[in-house]
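# Tertiary structure, described
One letter stands for each residue in the lines below.
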Amino acid sequence: MKYICFGYLDVQPWTKLSDSERSAMIDQCFAYDDVLKKNGNWAGGEGLQGPDSAASLRYRDGKVEVTDGPFAETKEILGGLLMLEARDLNHAIQLLSQHPGVKMGPWEIRPVQDLTPMIRASQERRAAATRK
Amino acid sequence: MAVPELVEALYRSESRRILATLIRLLGDFEAAEDALHEAFRAALEQWPTEGVPEHPRAWLVSAGRFKAIDRLRRSVGRELPLQEALEPAAAPPSGWEQEDDAGLADDQLRLIFTCCHPALPPEARTALTLREVCGLTTEEIARAYLTAPAALAQRIVRAKTRIRDDRIPYEVPSAEELPARRDAVLKVIYLVFNEGYSASSGESLTRPDLSGEALRLGRLLLNLLPDPEVQGLLALMLLQESRRRARATPDGDLVLLEDQDRSLWDQALIAEGLGLVDQALAGPRPGPYGLQAAIAAAHAQAPSTGRTDWAQIAGLYGLLARLLPTPVVKLNQAVAVAMHEGPEAGLALIDALLTVGALDGYPLIHAARADLCRRLGRVAEARTSYQQALRLTNQAPERRFLERRLGELH
C-alpha cells in the first residue's frame, strides 16, 4: 500500500537554527531516507521550493486565472512530499515517526486512492460515446 | 514456485508467528515489526541467488534479528529497551534454528496474552489482537468497525506505547493467573465474533469477516491452550455461526430462531460444535462458555422450536445464572422458562427484572416482553413494549422487525 506524506515546515524555528544545526538536521533526514530506500519503503519523494515560487490556477467565469502564491501567511509551509510503501496505516506511521523531519513541523499521511477501476469505467464510457 | 510468490505465501502463513518470536527476541513491538519487514525484504533479495533455505521460517527469524542488531548499531537516539534485549548475545545461540514448534507456539500465546492484557483499554485489545495476531491491516479493522482509520491507528499506537512504558511483560501468565487472563482473551475473541455476528450499528445485520477472524482466533487458541472454556467458546461460536444463513432474509432482515429455515443451518459447523461441547462439558464444573455452548447445542439439535428441549435449556440457563448472575442471562432464562412452562411464567420473571430496573434501556427485554404479551392476547401491553423497544434500538434490520411486529398487532 502506498502512502503519500505531506511534510510541513514550521518556519520560525527553522530560521532560528544555526547553519551547523541546520546541516545536521538535513544530514539526519537524508540518512533516514537512505534507510527507507534500503528497506524498500521508499516509493519516491521531492522537496519543494518556497511558496513564493508557486502559481495557483483557478477556473472562473469560463477562464483559467493564474495567481501567484499561496504565500506564507501561515507559520507552516508545505516543504516536501514523501511516498512510502507500507503494510498499513500503522506501519506508515511507525516509519514516518522515525523520520527526523517530523521534528520540523507536522506531517499528513494519506493513503493513495487506487484509480484503476475509475479509469477503466471512464474508458468504457468514452469508448461507448465514440461508438454512437 | 518462484521466489516472490513463495515469499508472499510465507508472509501470509508465517508472518504473525515470526513477529511473535521477534517480539520476544527484541523485547519491542515496533523494532520487531521493522525487523520482520526487513527480513522478508532480505529474503526477496537473497533467495533468488542463494537459494531458498531449508528452514525458511528460522531463516527469516534469524535475518530479522540480525537486521535489528544492525539497525541498533547504526541508530541515532533510539530508546533503550532493545539494547537490554540484545545485550547477552550478538549471535543467536547455537542450535536454536531447530527451535521446536512448541517454542513458537509459546511465542504466539505470549503475543495473544499481551494484546489482550487487562491493563489495556478494551477497544485497544480487540484492535491490537486483530492487527498483530490475525494480521489484519489498520484499514481493514477500521472498515469492519466503521471507525476512522486515523482514530484506530492512534488506538494501536497508544496501546503499544502503554505496553512499552508500563513494561507489560511478554509472557504466558503463571498457573494462578491463567484462568483470569484466559477469560480476558476469550472475552476479546467473543467480542470480535459478536461484532461480526450482530453488528452493533449500521445497515447490515452481520459482518462475516469479523466472525471468521474470531473463529480463526478460537481455533488457534485451542491449539495453543487446550482448555474446556476455550473449547466451550469455540463451540459456542461455531454453533451460532451455523445459523448465519438462516438468520437474515436476502434483504437483510432479522429472522427469529423460531421462524428460521433449519435446512439452511450449516451441518458441518454444527457437527464440529457438538463434538467440542461434549469435550467442554466433560469436566466436573463447566464454565460459562461451556454452558452457553450447551444451550446453543440444544437448539442446534432441535428439528423445530416446538420440538426443542426447553426443559434442558431452562435448566442450563439456571446453572449459567448462578455463574453469571447478569440481567441479560436472567432475561434469557425467562424466555426459556416461557417456552417450557408457558408465557405467563416467563412474563413474571421479565417483569421482576424490569421492576429492579436493571435492563430498562435494553431493547431486547422490551421486545421479549412484547412477544409474551402478544401470545397472551394482551395487545395494548404488547404495543407499548414494542414501541419502547423501537425507541431504544438503532440497528436498521431490528427496527424493521419490530415495526413489522407492531403492524401485525390487532
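Residues numbered from 1 in each chain as written. Chains lettered and ligands numbered in written order. Predicted model: local features only at pLDDT ≥ 70, side-chain atom pairs only at ≥ 80, totals over all residues. Heavy atoms only, no water.

## Describing the pattern of salt bridges
Residues and elements named next belong to chain B. For the structure on display, the rule yields 31 salt bridges over all chains. With a shortest N-O distance of 2.8 Å, Arg 369 and Glu 381 are connected by a salt bridge. In this pair, Arg 369 sits in helix α18 (residues 363–375) while Glu 381 sits in helix α19 (residues 379–392), placing the two residues 12 residues apart along the sequence. Residue Arg 369 is classed as buried on the basis of its relative accessible area, which comes to 12%. Of the charged contacts in the structure, one is a salt bridge between Glu 381 and Arg 378, with a shortest N-O distance of 2.9 Å. Take Glu 381: its relative accessible area is 28%, and that puts it in the partly exposed class. The class of Arg 378 is partly exposed, set by a relative accessible area of 33%. (Salt bridge = Lys/Arg side-chain N within 4 Å of Asp/Glu carboxyl O. Helix = DSSP H or I, 4+ residues; strand = E, 2+ residues; numbered from the N terminus. Buried < 20%, exposed > 50% of the residue type's maximum accessible area, 1.4 Å probe, protein only.)

## A look at the sheet that holds strand β5 (residues 76–85) of chain A
All names here are of chain A. Strand order in the open sheet made by the four strands is β2-β5-β1-β6, with antiparallel pairing throughout. Of all strands in the sheet, those with a lone pairing partner are β2 (42–47) and β6 (107–111), marking the two edges. Pairs of neighbouring strands in the sheet enclose a mean axial angle of 20°, with direction left out of account. (Pairing = 2+ DSSP bridges. Axes fitted to C-alpha atoms, helices over the stretch in contact; angles between N-to-C directions.)

## A word on the packing of aromatic side chains
Taken as a whole and judged by the stated rule, the model has four aromatic pairs over all chains. Judged by centre distance (5.2 Å) and plane angle (70°), the ring pair of Trp 47 of chain B and Trp 59 of chain B falls under edge-to-face. Residue Trp 47 of chain B is found in helix α2 (residues 29–50), and its partner Trp 59 of chain B is found in helix α3 (residues 56–74); the two are separated by 12 residues along the sequence. The exposure class of Trp 47 of chain B is buried, given its relative accessible area of 2%. For Trp 59 of chain B, a relative accessible area of 21% puts it in the partly exposed group. Ring geometry for Tyr 190 of chain B versus Tyr 289 of chain B: centroids 5.8 Å apart, planes at 90°, classification edge-to-face. Taken together, the residues Tyr 190 of chain B in helix α9 (residues 178–197) and Tyr 289 of chain B in helix α14 (residues 288–300) connect sequence positions 99 residues apart. When sorted by exposure, Tyr 190 of chain B lands in the same class as Tyr 289 of chain B, which is buried. Put simply, the rings of Tyr 190, Phe 193 and Tyr 289 of chain B touch in pairs and so form one group of aromatic residues. In this structure, Lys 37 of chain A packs its charged tip against the face of Trp 42 of chain A, placed 4.6 Å from the ring centre. One residue, Arg 243 of chain B, lies across the ring of Trp 265 of chain B, its end atom 5.9 Å from the ring centre. (Phe/Tyr/Trp six-rings, centres within 6.5 Å; stacked < 30°, edge-to-face > 60°. Lys NZ or Arg CZ within 6 Å of the ring centre and 35° of its normal.)

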